[in-house]
Amino acid sequence: MLTSMWSRIVGAPRRPAPTPSERPIWPTDVVGKLYRDMYRRLIDLDAFEAAFDRAIEVLRASNAGKIEREEATTRLLAIHSEALRHPPPPREIAALRADEIGVDEAMALLRRAIAGESHIELEHPWAEVFHSYGQFAIEGWKLTAFKRNYGIKYLDAALSPDGRMGTYASWQAREGNPVHLLFDEEQDCLDELIESIDA
């Protein structure tokens, strides 16, 4: 079936987005959003690279005091908006095999933990994981995620109680990484949640 990430993410019925935070938007927030939307496959890679180069120029000007934070944020929002006008081309996604965990299923599991409906059990305190993989469990599922300096950068693998597997490669061959496809506020909440848990 020929489909694009845009139709899968925007066209499919989804739960409503969480309420945005009241804090002001900083230039680095917009760059983070640019990255997140590239990972969601809402922005073509070439368009992302061009937008990122322009964004770095704006950040340098802001850091050097040549432009105010508000102007930098406005310019970066325009760069982000322009990048979103260049989605990746549609691509074919193979049917899910019986022994695989789909992206939607992994996302639903993470969302139950974010909502407090399930508990995350850590193998080691997440605060002790740095630029490495950490392991945890939710509802009997065994998960491995990569942490750079805070929270979860991406989900690397999942093993369901019935023996099915999902991996970084299998998800990338489909819609994308389950962590990347969460709403921004959900990703932030997941990061804060896992960092706050004692093993």
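Chains are numbered independently. Their residues run from 1 in the order of the written sequence. Local features in a predicted model are, by the rule used here, given only for residues with pLDDT of at least 70; side-chain atom pairs are given and counted only at 80 or more, and totals for whole chains, interfaces and linings are based on all residues. Neither water nor hydrogens contribute to the side-chain values; these are computed over all heavy atoms in the structure.

Student: I'd love a proper account of the packing of helix α2 (residues 27-39) against helix α3 (residues 45-63), names of residues and values included.
Tutor: Note on definitions: angles span 0 to 180 degrees between N-to-C directions of axes, and those axes are lines fitted to C-alpha atoms, for helices only across the stretch in contact. The secondary structure listing takes helices from DSSP runs of H or I that are at least 4 residues long and strands from runs of E that are at least 2 residues long, numbered from the N terminus. At a minimum axis distance of 11 Å, the contact between α2 and α3 shows a crossing angle of 170°. With respect to α3, the element α2 is oriented roughly antiparallel. Contact residues: α2 offers Pro-27, Thr-28, Val-31, Leu-34, Tyr-35 and Met-38, while α3 offers Leu-45, Phe-48, Ala-51, Phe-52, Ala-55, Leu-59 and Ser-62. In terms of residue class, the contact of α2 with α3 is built from 11 nonpolar, 2 polar and no charged. Throughout this description, any angle smaller than 35 degrees is read as roughly parallel, any larger than 145 degrees as roughly antiparallel, any in the 65 to 115 degree range as roughly perpendicular, and the remainder as oblique. Contact between two residues is taken to exist if any of their heavy atoms lie within 4.5 Å; hydrogens are not considered. Each residue gets one label: Ala, Val, Leu, Ile, Met, Phe, Trp, Tyr, Cys and Pro are nonpolar, Asp, Glu, Lys and Arg are charged, and the others, such as Gly, are polar.

Student: Which residues make up the sheet that holds strand β6 (residues 154-159), and what values go with them?
Tutor: In this description, strands pair whenever DSSP reports at least two bridges between them. Strand order in the open sheet formed by 5 strands is β3-β4-β5-β6-β7, with antiparallel pairing between adjacent strands. On the outer flanks of this sheet lie β3 (120-122) and β7 (165-167), each paired with one strand and no other. Each neighbouring strand pair of the sheet contributes to a mean axis angle of 30°, computed without reference to strand direction. Alignment of strand β4 (residues 132-138) against strand β5 (residues 141-147), held across 7 bridges, turns out to be antiparallel. Note on β5: the bridge partner recorded for Tyr-133 is Phe-146. Contacting β3, β4 and β5, helix α7 (residues 184-196) crosses the sheet at an angle of about 50° to β3.

Student: Residue-level account of the environment of His-80, with values.
Tutor: Here His-80 shows up in helix α4 (residues 69-83). For His-80, a relative accessible area of 8% translates into the label buried. Buried, partly exposed and exposed residues are distinguished by accessible area as a fraction of the type maximum, computed with a 1.4 Å probe on protein chains only: under 20%, between the cut-offs, and over 50%, respectively.

Student: Please give an account of the packing of α2 against α4 that cites residues and values.
Tutor: One can describe the packing of α2 onto α4 by two numbers: an axis separation of 8 Å at closest approach and a directional angle of 10°. Considering their axes alone, α2 and α4 lie roughly parallel with respect to each other. Crossing geometry of α2 relative to α4 is assigned as left-handed. Each of Pro-27, Val-30, Val-31, Lys-33, Leu-34 and Asp-37 in α2 lies in contact with α4, whose residues at this interface are Arg-69, Ala-72, Thr-73, Leu-76, Leu-77, His-80 and Ala-83. Crossings are assigned a handedness: left-handed for a near helix turned anticlockwise from the far helix by less than a right angle, right-handed for a clockwise turn.

Function cannot be inferred from these measures alone, as they are strictly geometric.
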